[in-house]
Every structure is written in structure tokens, then in C-alpha cells.
Amino acid sequence: MAASERSNARGVDPVATHAALRRIARNAALPWLHGEIARRLIERLAPMRAAPRRIVEWWATAGGGDEVLRAAYPRAERVAVEPDAAWAARRRAAQRRPWWSFGAAGALVVEESASDAEIGRAQLVWANMALHLVVDPPALFARWQRLLDIDGIAVFSCLGPGTLRELRELYAAHGWPAPTPGFVDMHDLGDMLVDAGFADPVLDQETITLRWKSADALLQELRGLGGNTAPDRHAALRTPAWRQRLRDALAERADADGSIGLSVEVAYGHGFKPAPRLRADAPVSVSLDDMRAMVRRQRPSDRGGTLKSAALSKAFGFPT
């Protein structure tokens, strides 16, 4: 299935997605929700005792994970992959330091269009609150798998199908087009990870209820989170009269204290890159980087195993 067909099946408009990213980029402050989810995501990664030497942060700036990643892995080299040139420029400007200043260098910044070789191999791929805006998640999972060393881990968070359930119900009751894109269920994300070659995928989710004091505050914050990227959203600009009807409909759903609540479902997931399975009845292609990693992982139990490892290392020209 082509990427455009997958996007239509999911209910994601690629053009609207780029517009949403540009809208977020124009804001001085990134969505606070992304920073909060980044803290929750790093807590899920902690029990795995990962010690990556190199981290690839996918859509790094919008993900809001800089602080937690620096604290968790202060010695790791980081590569910030940004969705386009505007985001890359913003990242480089934020990292720019006076020539007389001291401290750790910022992350290497590359655009998503860069080749795998330009991004380089890593032991951890981190993607916080990005996947729900990606047009073709299976293709992205396959790319992450290529970028990881053996035993490397991809970890991500994204919005799930329970997000803004109350708003979708309101729109449906009034006969309005969809207010949100189609979010992928976590079980489908798990299947995509397996199809991409990841082992031991683990996914879970939580539902967070956000509350606002007014309909205007609610609508302003939702727009700051990126806006509606559904292909079947309203095709033209809305009128002030329509906006007032929306305000009134939201106000009718307020609780006794006057606040308006909406649900946000967040899915968390991770998967490991396993060593290739070598089969005698079929040709297997293994990259040189993966072959090096396989040899380093080998723990021979006898002298014969040691000699085999040494011979293999010599044949491929790298140290044991």
C-alpha cells in the first residue's frame, strides 16, 4: 500500500500535517503537553537500564525531550532529526552558543530527508509525541530499525484513538465534519513494529483528562497543539457565527465548576532490534555494522568458539 493510501486509511492529510508543524514552529513556546509526556516516557525507559552511546531524537524540537534525555544520558551523543528545514533552522539557532561559552556541544541537527548514512547508527531512537502526525508509520518503523544497532531500542509516544473523544461526539451530534485525524490503536502499532523487524514490542496507554476554564481557552490550546489534519475536515474557513455555535456547544458540556474537560489518550511503545536469524536454506544480507555488533555480542563457551570469533573478525577486518 502506498504512503498516500495509508494516510487516507488513517485519516491524515499530509498537506495539513505540514501546515500544523509550521503552526507549532511559529509559536515561541512548544506545547507543554509534549514536555509532560516526555517525562512520563523516560520513566518507562528507566527500568530497561539502557546506556546508549548515541541517541537519534525524531522530530526532536517539537518532542520536548531535551531536558529529560540530557539528565538520563548526559554522556550520549545526540542527533536531532527535524521534519523540515524550518525546524532544523530553529533547532540550530536554539543551540547556538557564544564562542567564549563553555559546556557540552548541542546535538547534530539533520532534516528528515537526510540519508540513513547522514543520520548514522544509534543504540536508541526516541520519538515523543510525533508518530500521530506521521503519514506512513510502518515505513518510519522500518527506517528506525535500519538506524539501530543490534539490541538497540526504539521508544515512542503518540496520541491514541481515545483523544478528544468528547469533541468528536459533539461534532457528530451537530453533523459537522471530523475534528481530529484518525489515530492508530496501540495494538496496530505493535503489529507495525513486528512487521518492521522489531522484537519484544511492548505497548501501553493512559487517558489523561485536561480541563479548561472556558471554550476560548480550550480552542486556543488545541490550535497550539497543531490543529485538525483530517482529510474530511471542513473544507473552508468557518464563520464567526459557526464559532459561536461551537463555543455554546462546548459550554453546555461544562461541569458544575464551569470547567470543560476533554480526554487525551497517550500510547507508549518500544521494541528492540534483534540479531538477524541466519538460515541455511536462504540467502541472508547482513550489513557490516550489524556483523561487527554480532561479533562483539558473542560470548563463546569454549576454545573453539573463541577461535571462530577471532577468525571471523580477521576475515572482515575488525578487532575482536
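Since this is a predicted model, take the numbers as computed values, not measurements.

Peer 1: How would you explain the overall build of the protein if you had to name every residue and give the values?
Peer 2: Within the protein, the regular secondary structure consists of 14 helices and seven strands. Sorting the 320 residues of the protein into buried and exposed places 44% on the buried side.

Peer 1: Provide a residue-level description of the packing of helix α8 (residues 137-147) against helix α10 (residues 186-195), including the pertinent values.
Peer 2: At a minimum axis separation of 9 Å, α8 and α10 run at an interaxial angle of 45°. Relative to α10, the element α8 is oriented oblique. Two packed elements cross with a definite hand, and for α8 against α10 that hand is right-handed. Touching P137, P138 and F141 of α8 are L189, M192 and L193, all from α10. Grouping the amino acids of the contact of α8 with α10 by side-chain chemistry returns six nonpolar, no polar and no charged.

Peer 1: Explain helix α9 (residues 165-173) to me, and be specific about the residues and the numbers.
Peer 2: Among all positions in α9, only E166, L167, L170 and Y171 are buried. For α9, the angular spread of buried residues about the axis comes to 135°, placing them on one side. Opposite the buried face of α9, at more than 90 degrees from it, the exposed residues are A172 and A173. Just beyond α9, the residue with positive phi is G175, at close to 75°.

So, how was this worked out
- Throughout, residues of each chain are indexed from 1 in the direction in which the sequence is written.
- pLDDT decides what is reported in this predicted model: residues at 70 or higher carry local features, side-chain atom pairs at 80 or more are listed and counted, and totals for whole chains, interfaces and linings draw on all residues regardless.
- As a rule here, side-chain values come from all non-hydrogen atoms in the structure, and water together with hydrogens is ignored.
- Starting at the N terminus, helices and strands are each numbered in turn, a helix being any DSSP run of H or I of at least four residues and a strand any DSSP run of E of at least two.
- Burial classification: accessible surface area is computed with a 1.4 Å probe over protein chains only, and a residue below 20% of its type maximum counts as buried, one above 50% as exposed, and the rest as partly exposed.
- Fitted lines through C-alpha atoms give the axes, limited to the stretch in contact for helices. The angle between two N-to-C directions lies from 0 to 180 degrees.
- The labels follow the angle: roughly parallel below 35 degrees, roughly antiparallel above 145, roughly perpendicular from 65 to 115, and oblique for the rest.
- Should the near helix be turned anticlockwise from the far one by less than a right angle, the crossing is left-handed, and should it be turned clockwise, the crossing is right-handed.
- Throughout, a contact is declared for two residues whenever any of their heavy atoms are within 4.5 Å.
- When residues are sorted by character, Ala, Val, Leu, Ile, Met, Phe, Trp, Tyr, Cys and Pro go into the nonpolar class, Asp, Glu, Lys and Arg into the charged class, and all the rest, Gly among them, into the polar class.
- It is the directions from the helix axis to the C-beta atoms that the arc portrays.

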